[in-house]
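Understanding the architecture of this molecule
Below are the chains, spelled out letter by letter.
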Amino acid sequence: MFLVGLTGGIATGKSAVANVFREHDIPVIDADAIARKVVEPGKPAWHKIQKEFGPEVFLSTKELDRAKLGDLIFNDIEKRKKLNAITHPDIYKEIYWQTFKYFLQGHPFIVLELPLLFESGHMLNYLHKIIVVTCEEDLQLQRLMERSGFTESRAKLRIEAQMSLEKKEKMANFVIENSGSEHDTRDQTIKIINVLKCSKYHWKLRFIVVFCCTVLLALFLFFLYLRNRSFKSLPTTV
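Model, not experiment: these values are computed from the prediction.

So, how was this worked out
- Residues numbered from 1 in each chain as written.
- Predicted model: local features only at pLDDT ≥ 70, side-chain atom pairs only at ≥ 80, totals over all residues.
- Heavy atoms only, no water.
- Helix = DSSP H or I, 4+ residues; strand = E, 2+ residues; numbered from the N terminus.
- Buried < 20%, exposed > 50% of the residue type's maximum accessible area, 1.4 Å probe, protein only.
- Contact = heavy atoms within 4.5 Å.
- Areas by Shrake-Rupley, 256 points an atom, 1.4 Å probe, with all protein chains shown as cover.
- 1 Å grid on protein atoms, 1.4 Å probe; cavity = no way out; pocket = protein on both sides within 12 Å on 5 of 7 lines; lining within 4 Å.
- Points joined across faces, edges and corners; volume = space filled by probe spheres on them.
- Nonpolar A, V, L, I, M, F, W, Y, C, P; charged D, E, K, R; others polar.
- Axes fitted to C-alpha atoms, helices over the stretch in contact; angles between N-to-C directions.
- Parallel < 35°, antiparallel > 145°, perpendicular 65-115°, else oblique.
- Left-handed = near helix turned anticlockwise from the far one by under 90°.
- Arc of directions from axis to C-beta.
- Polar contact = N/O pair within 3.5 Å; in protein donor to acceptor, adjacent residues only side chain to side chain.
- Salt bridge = Lys/Arg side-chain N within 4 Å of Asp/Glu carboxyl O.
- Pairing = 2+ DSSP bridges.

Across its full length, the chain holds eleven helices and five strands. Taken over 238 residues, the chain has a buried fraction of 38%. Sequence separation of 24 or more characterises 72% of the internal contacts of the chain that already satisfy a separation of 6 or more. Of the roughly 14,800 Å² that the chain leaves accessible, carbon and sulfur atoms contribute 59%.

Shown next, in the form of structure tokens:
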């Protein structure tokens, strides 16, 4: 099984592309969904955030006020690092666990939806292919304002805080231009799905895994053989 990274800028349409993969029975691991899960009330990260940032970043329901916390860390690098140090270990642990489960299920490849793939750099070495979803800058700004209720100036700051779409496109294996119709985006995605399905790379990875497991099993059996032999050679007492 190989891993495909799905990323892009904020409000470019990554989720819409991810849904097309799901419609074709291709598993998608959503890092944002996991990030929301690990900070649910009572979770270890929830307690750590409360201790580090105080009760003011929580709603009356005890749920995390993501908008308020986002504003708090947006212009403060140190606070952002502290939050990442709290949440990232739990997020990546869940990503690895879900990946392992899909591997056991025999999927040839899965998609990891990672909004900040290039910014964090954490998963880059594990990905076989990378898809970047992009769109026109004016459309991206409009979508973000409509989705979040941000003012134009606030939305621009959020977009500019990320790596530019142009740079991300240069590091991608596939680019999906999501400025047109839903049908156009779907067609682009399906073409990429067909290319990925034709890849035999997952067989190479499975061969490596099976080979390594076989070697480990052989070493274990050899160890047992030597241990049994040494026991038999010990002198017996009457």
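The residue Val111 is located in strand E3 (residues 109–113) in this model. Each C-alpha atom of the pair Val111 and Ala18 lies 8.0 Å from the other, and the pair is 93 residues apart in sequence. Apart from residues no more than four positions distant in its own chain, Val111 is found in contact with Val4, Leu6, Phe21, Ile26, Pro27, Val28 and Ile29.

This paragraph deals with the layout of surface pockets. Empty space left among the atoms is revealed by rolling a probe the size of a water molecule over them. Within this model, the largest pocket holds a volume of roughly 1,800 Å³. In terms of lining, the largest pocket is formed by 47 residues, of which the most central are Asp32, Arg66, Pro115, Leu116 and Gln162. Contributions of two or more residues to the lining of the largest pocket are made by helix H1 (14–23), helix H2 (31–38), helix H4 (66–74), helix H5 (77–104), helix H6 (117–120) and helix H7 (137–148). A per-element tally of the lining of the largest pocket places H5 first, with nine residues. Along the lines of polarity and charge, the residues of the lining of the largest pocket split into 24 nonpolar, eleven polar and twelve charged. Its volume calculated, the second largest pocket comes out at about 280 Å³.

With that settled, consider the packing of H4 against helix H8 (residues 152–160). Where H4 meets H8, the axes come as close as 12 Å, and the angle between the chain directions of the two elements is 65°. Taken together, H4 and H8 sit at an angle that is classed as roughly perpendicular. The two elements H4 and H8 meet at a crossing, and its hand is left-handed. The residues of H8 that touch H4, namely those facing Gly70, Asp71 and Phe74, are Arg154, Leu157 and Arg158.

Further remarks concern H2. Among the residues of H2, Ala31, Ile34, Ala35 and Val38 are the ones counted as buried. Projected down its long axis, H2 shows its buried positions confined to an angular sector of 105°, all on one face. Packed against the buried residues of H2 are strand E2 (28–30), helix H3 (44–53), H4, H5 and E3. One side-chain oxygen at the N-terminal end of H2 lies 2.9 Å from the backbone nitrogen of Asp32; it belongs to Asp30.

Time to look at the pattern of salt bridges. This model, assessed by the stated rule, comprises eight salt bridges. The salt bridge partner of Lys82 is Glu52, with a shortest N-O separation of 3.5 Å. Here Lys82 is found in helix H5, whereas its partner Glu52 is found in helix H3, with 30 residues between them in sequence. Judged by its relative accessible area of 41%, Lys82 falls in the partly exposed class. As a salt-bridge pair, Lys156 and Glu152 come within 3.2 Å of each other at their nearest N and O atoms. Here Lys156 pairs with Glu152, and both are found in helix H8, just four residues apart, close to one helical turn.

You will see that Ala11, though not glycine, has its phi angle at about 65°, which is positive. Relative to the assigned elements, Ala11 resides in the loop between strand E1 (2–8) and H1. The class of Ala11 is buried, set by a relative accessible area of 7%.

Now for the pairing of strand E5 (residues 174–177). Of the two faces of E5, only the one carrying Phe174 and Ile176 is buried; Val175 and Glu177 on the other face are not. Looking at chain direction, strand E4 (residues 129–134) and E5 are connected through four bridges and run parallel. If you follow Val133 over to E5, its bridge partner there is Ile176.

Moving on: the environment of Tyr96. Considering the arrangement of structural elements, one finds Tyr96 in helix H5. Classification of Tyr96 by relative accessible area gives partly exposed; the value is 36%. Counting along the chain gives 67 residues from Tyr96 to Ile29, while the straight-line C-alpha distance between them is 9.9 Å.

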